[in-house]
Amino acid sequence: MKVIYTDNNATTQVAPEVVEEMLPYFHDLYGNPSSMHSFGGQLMRKLKEAREKVARLIGATPDEILFTSCGTESDNTAIRAALASDPDKKQIITTRVEHPAVKNLCEYLSKNGYSVTFLPVDRQGRLDPEHLYKSLSNDTAVVSIMWANNETGVIFPIEEIVQMVKEMGIVFHTDAVQAVGKIPIDVRKVPVDMLSLSGHKLHASKGVGALYVRKGTKFSPFLIGGHQERGRRAGTENVASIIGLGKACELAGKHIKKENERVKYLRDKLENEILKQIPNAMLNGDREHRLPNTTNISFEYVEGEAILLMMNEFGICASSGSACTSGSLEPSHVLRAMGVPFTAAHGSIRFSLSIYNTEEEIDFIIEKLPPIIERLRELSPYWKQ
Amino acid sequence: MWEYTDKVIDHFLHPRNAGEVEDPDGIGEEGSLACGDALTLTFKLDDEKRIKDAKFKTFGCASAIASSSALTEIVKGMTLEEAGKVTNDDIARYLGGLPKEKMHCSVMGRNALEKAIAYYRGEAEKKVEGEIVCECFGVTDLQIERAIRENNLATVEEVTDYTKAGGGCESCHEKIEEIIDKVFGKPHVVHRKPARLTNIQKIKLIEETLEREIKPSLKKDGGDIELIDVVGNTVIVKLRGTCATCVASQVTLKHYVESKLRELVTPELTVEEVQQ
């Protein structure tokens, strides 16, 4: 069965060009870049090139890029570094809709001596900057706010809010894992102090991420050990994946227009047709300020896992914010923070596209989904025609 | 992804007996939209008072739909007495097992069946018996007790898998532990300290902990510690004896004294040595 992959906010296909770029570093050039022999040492130059490519995508300089093992490590490193460099300050400000890499870390810290402010969002998943400004205090050590939400695709006004935070001398970190590669990001224009990105969300491999740390930002390492990454992140470099990440960033830069025109067109078509053809379906999240590839739609009176497994029968891959898919008993914390009613939250489906999706695939989903919803509604005691 | 058996997938994709029996003899409703799954079971009896037809309508995940479908297959042909003995485990076994996190789907089936039988017998819809323990999912102490007994559950996590209780805000976990201990006849050990201490209580507790727990072990190495002051959550102490000159005294202070006080008094505490 052909797989129709529309779950790209979960992970992406590694681009064929990226795979090709990575392969020599497994069988031929397997050295350690820190070695004194040129067999290993020559790889330092390849890492440097990769660092330049990652930096270029977000408008940074290469020495502001640290390679990590994943987005979660980047987020943890950033927040802990900010706290460690100003140990007297005990307040963290974040939002209620962060990825677990930030949310659960902050919840953990709130039980270990820190006070955490979780900013609310409105029904469309938007952040009110006033809430942030009112929460800032002399005790604030770090503000960590995601650039774009993984579940709804809603983009936060980072450019607008970062100014005020910086004026107060507070460190600003953003989890831009979902945003990098999908929308233009330039840290010269948006002066965040730290920014997390992840390889496998932009067609590089799993197991590699990066953290941007603005020059002059106080920093202390999370992993302590060898001198790699100029002592800022110990551990032998994941050479092949880092080189792959470099290539993926180079490609992302080239494809950003396609992402915002072609992918957006397909997403809009999928979304509009679903909302038109299926009654009691509603969009979750701000239609306007949103990633071009993501749509999150709720189908009332049916449950998300059941929808996913029926789509699975046709090879269609997507995600849900329902309780049953999360392994917890409550639906997505993002949808709950937005005040999406339970009737809809349990039946939410997220489609996240990539440049590899075709119009035929989108048409196939549009054809298959309405009967699935209809069938599940026939089974549902709440559905009255 | 859940590891569902082929039978679960089969009953999910091809549910048996979906719908509502016309002019039913029994109706049982269980669950709610808020909880994420709900089941309406209807049945019709034949002349010999056996279940001639049973149908379900279910809102929920694959295992909720499969459990409902299995339930209707199991009870068809049974007398009400036989049906009354069907357990959640029977439903799970019929399906070749359910992931443990999904056992509550089988419990939902059993509960709906009981309600449908009670409806037929004209027993007025029983008021929620017992006291609500889990506010998030509206689960009572009696329901939890029953699940513990019938399925031999030993941990809060297992109780959550079977009843959902404790799966939301988690504030009822201690109560659930108490119920487990009660069922198994164990004395309940309260390991948590009062949630909020007044300043006086806090200082007293710090003093006691220093005397009882910390000083004796420092004294073994010829050291000692004196409480100087408590400012908010900062405990100011002075190290004496060998501790005062020990190069590792900061390690002792942070890793031993502080963690001990955090464990036994309150996790917000930090320990500092008095400035000379």
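Residues numbered from 1 in each chain as written. Chains lettered and ligands numbered in written order. Predicted model: local features only at pLDDT ≥ 70, side-chain atom pairs only at ≥ 80, totals over all residues. Heavy atoms only, no water.

## Some points on the overall build of chain A
The helix and strand inventory of chain A stands at 14 helices and 13 strands. Rg of the C-alpha trace for chain A: 21 Å, near the compact-globule value of 21 Å for 385 residues, within the 12% margin. Projecting the C-alpha coordinates of chain A onto the three principal axes gives extents of approximately 70 × 55 × 35 Å. Of all 385 residues assigned to chain A, the portion counted as buried reaches 59%. Averaging the coordinates of the 45 positive side-chain charges in chain A and doing the same for the 48 negative ones gives two points 2 Å apart. (Helix = DSSP H or I, 4+ residues; strand = E, 2+ residues; numbered from the N terminus. Rg over C-alpha atoms; globule rule 2.2 N^0.38 Å. Buried < 20%, exposed > 50% of the residue type's maximum accessible area, 1.4 Å probe, protein only. Lys, Arg positive; Asp, Glu negative; His and termini not counted. Charge placed at Lys NZ, Arg CZ, Asp CG, Glu CD.)

## Focus on the overall build of chain B
Along its length, chain B carries eleven helices and eight strands. Relative to the globule expectation of 19 Å for 276 residues, the C-alpha radius of gyration of chain B, 28 Å, shows a markedly less compact shape. Within chain B, buried positions represent 45% of all 276 residues. When contacts within chain B are restricted to residue pairs at least 6 apart in sequence, long-range pairs at least 24 apart make up 56% of them. Counting every atom, chain B has about 14,500 Å² of accessible surface; 49% of that belongs to carbon and sulfur. The average position of the 38 basic charges and that of the 50 acidic charges among the side chains of chain B differ by 2 Å. (Contact = heavy atoms within 4.5 Å. Areas by Shrake-Rupley, 256 points an atom, 1.4 Å probe, with all protein chains shown as cover.)

## Quick look at the domain arrangement of chain B
In terms of domains, chain B is made up of domain 1 (6-120), domain 2 (132-183) and domain 3 (199-273). Computed over C-alpha atoms only, the centres of domain 1 of chain B and domain 3 of chain B are separated by 60 Å. (Domains from an automatic or database assignment.)

## Topic: the packing of aromatic side chains
Enumeration according to the criterion identifies four aromatic pairs over all chains in this entry. Judged by centre distance (5.9 Å) and plane angle (50°), the ring pair of Y301 of chain A and W383 of chain A falls under tilted. Residue Y301 of chain A is located in the loop between β10 (294-299) and α10 (304-312), and its partner W383 of chain A is located in the segment after α14 (359-379); the two are separated by 82 residues in the primary sequence. Relative accessible area serves as the criterion here: at 13%, W383 of chain A is assigned to the buried category. Cation over ring: R377 of chain A sits above W383 of chain A, and NZ or CZ is 4.4 Å from the ring centre. Sitting above the plane of the Y94 of chain B ring, K7 of chain B keeps its charged end 4.2 Å from the centroid. (Phe/Tyr/Trp six-rings, centres within 6.5 Å; stacked < 30°, edge-to-face > 60°. Lys NZ or Arg CZ within 6 Å of the ring centre and 35° of its normal.)

## Details of the nonpolar core
Membership of the largest hydrophobic core comes to 87 residues, with the highest contact counts inside it found for F299, I307, M311, F351 and L376 of chain A. With 67 residues, the next largest nonpolar core counts V18, A50, A344 and A345 of chain A among its residues. (Core = buried A, V, L, I, M, F, W, Y, C linked by side-chain atoms within 4.5 Å.)

## Observations regarding the interface of chain A and chain B
Taken together, the contact pairs 24 residues of chain A with 34 residues of chain B. For the pair chain A and chain B, the summed buried surface comes to about 2,300 Å²; carbon and sulfur atoms form 69% of the total. Summed over the three residues of chain A that lose the most area to chain B, namely L329, L379 and Y382 of chain A, the buried surface amounts to 29% of that side. In this structure, the connection of chain A to chain B is made through one salt bridge. Here K102 of chain B ties to E305 of chain A by a salt bridge, and the two come within 2.7 Å at their closest N and O atoms. Counting every contact that joins chain A to chain B gives nine residue pairs in polar contact (both at pLDDT 80 or more). For the side of chain A that touches chain B, the element with the most residues is α10 of chain A, which contributes five residues. (Buried area = accessible area lost by both parts, 1.4 Å probe. Salt bridge = Lys/Arg side-chain N within 4 Å of Asp/Glu carboxyl O. Polar contact = N/O pair within 3.5 Å; in protein donor to acceptor, adjacent residues only side chain to side chain.)

## Some points on unusual backbone geometry
Apart from glycine, the bulk of residues carry a negative phi angle, and the bulk of peptide bonds sit in the trans form. All names here are of chain A. At R230, a position not held by glycine, the phi torsion is positive, near 50°. Along the chain, R230 turns up in the loop between β8 (209-213) and α9 (239-277). Its identity as a non-glycine residue notwithstanding, N280 has a phi of 50°, on the positive side. Structurally, the position occupied by N280 is in the loop between α9 and β9 (281-283).

## Concerning the environment of G125 of chain A
Residues and elements named next belong to chain A. Inspection of the secondary structure puts G125 in the loop between β4 (115-119) and α7 (129-135). Between the C-alpha atom of G125 and that of Q42, which follows or precedes it by 83 residues, the distance is 48 Å. Excluding its chain neighbours within four sequence positions, the residues that come into contact with G125 are V154, F156 and M338.

## Here's the deal with the domain arrangement of chain A
As a measure of interface size, the accessible area lost when the parts come together is often cited. All names here are of chain A. Splitting chain A by domain gives domain 1 (4-10 + 256-376) and domain 2 (16-251). Distance between the C-alpha centres of domain 1 and domain 2: 27 Å. Contact with domain 1, which involves 31 residues of that partner, is made by 29 residues of domain 2. When domain 1 packs against domain 2, the two sides together hide about 2,400 Å² of surface, and 56% of this comes from carbon and sulfur. Broken down residue by residue, the surface that domain 1 buries against domain 2 is led by L291, H333 and M338, which jointly contribute 24%. In this structure, the connection of domain 1 to domain 2 is made through zero salt bridges. Taken together, domain 1 and domain 2 are joined by 13 residue pairs in polar contact (both at pLDDT 80 or more). If you list the elements that add at least two residues to the side of domain 1 that touches domain 2, you get α9, β10 and α12 (333-337). For the side of domain 1 that touches domain 2, the element with the highest residue contribution is α12, accounting for five residues. Counted by class, the side of domain 1 that touches domain 2 contains 13 nonpolar, 13 polar and five charged residues. (Nonpolar A, V, L, I, M, F, W, Y, C, P; charged D, E, K, R; others polar.)

## As for the sheet that holds strand β12 (residues 319-320) of chain A
Residues and elements named next belong to chain A. Taken together, four strands build an open sheet; the order of strands is β9-β10-β13-β12 and the sheet is antiparallel. Either end of the sheet is taken by a strand with one partner, and the two such strands are β9 and β12. Bridge count for β10 against strand β13 (residues 348-352) is five bridges, and the pairing is antiparallel. Bridge pairing links T294 to S352 in β13. Where α10 meets the sheet, its contacts fall on β10, β12 and β13, and the angle it forms with β13 comes to roughly 45°. (Pairing = 2+ DSSP bridges. Axes fitted to C-alpha atoms, helices over the stretch in contact; angles between N-to-C directions.)

## Focus on the pattern of salt bridges
Within this structure, the stated rule accounts for 49 salt bridges over all chains. A salt bridge links D90 of chain B to R93 of chain B; its shortest N-O distance comes to 3.1 Å. Taken together, the residues span about one helical turn, with D90 of chain B and R93 of chain B both in helix α4 (residues 88-94) at a distance of three residues. Salt bridges linked by common partners bring K53, K247, E250 and K254 of chain A together as one network.

## Considering a nonpolar patch on the surface
Judged by side-chain polarity, V19, L23 and F26 of chain A come together as a nonpolar surface patch covering roughly 260 Å² of accessible area. Along the chain, L23 of chain A falls in the loop between α1 (16-22) and α2 (24-27). (Patch = residues over 30% accessible without salt bridge, like charges linked within 9 Å, V, L, I, M, F, W, Y side chains within 5 Å.)

## Observations concerning helix α2 (residues 62-75) of chain B
Helical geometry: 3.6 residues make up each α-helical turn, so side chains three or four residues apart lie on a common side. Residue and element names in this part refer to chain B. Over its 14 residues, α2 runs 20 Å from end to end, which matches the ideal 20 Å to within 8%, given 1.5 Å per residue. With 13 of its 14 residues buried, α2 lies for the most part within the structure. Looking one or two places after α2, you find G77, whose phi comes out positive at around 90°. (Expected span 1.5 Å × (residues − 1).)

## Some words on the packing of helix α1 (residues 6-13) of chain B against α2 of chain B
All names here are of chain B. The geometry of α1 relative to α2 is characterised by a closest axis approach of 8 Å and an angle of 85° between their N-to-C directions. By the angle between their directions, the pair α1 and α2 is classed as roughly perpendicular. Taking contact as the criterion, the partners of V8, H11 and F12 in α1 are, on α2, A62, S63, I65, A66, S69, A70 and E73. The residue inventory of the contact of α1 with α2, partitioned by class, reads six nonpolar, three polar and one charged. (Parallel < 35°, antiparallel > 145°, perpendicular 65-115°, else oblique.)

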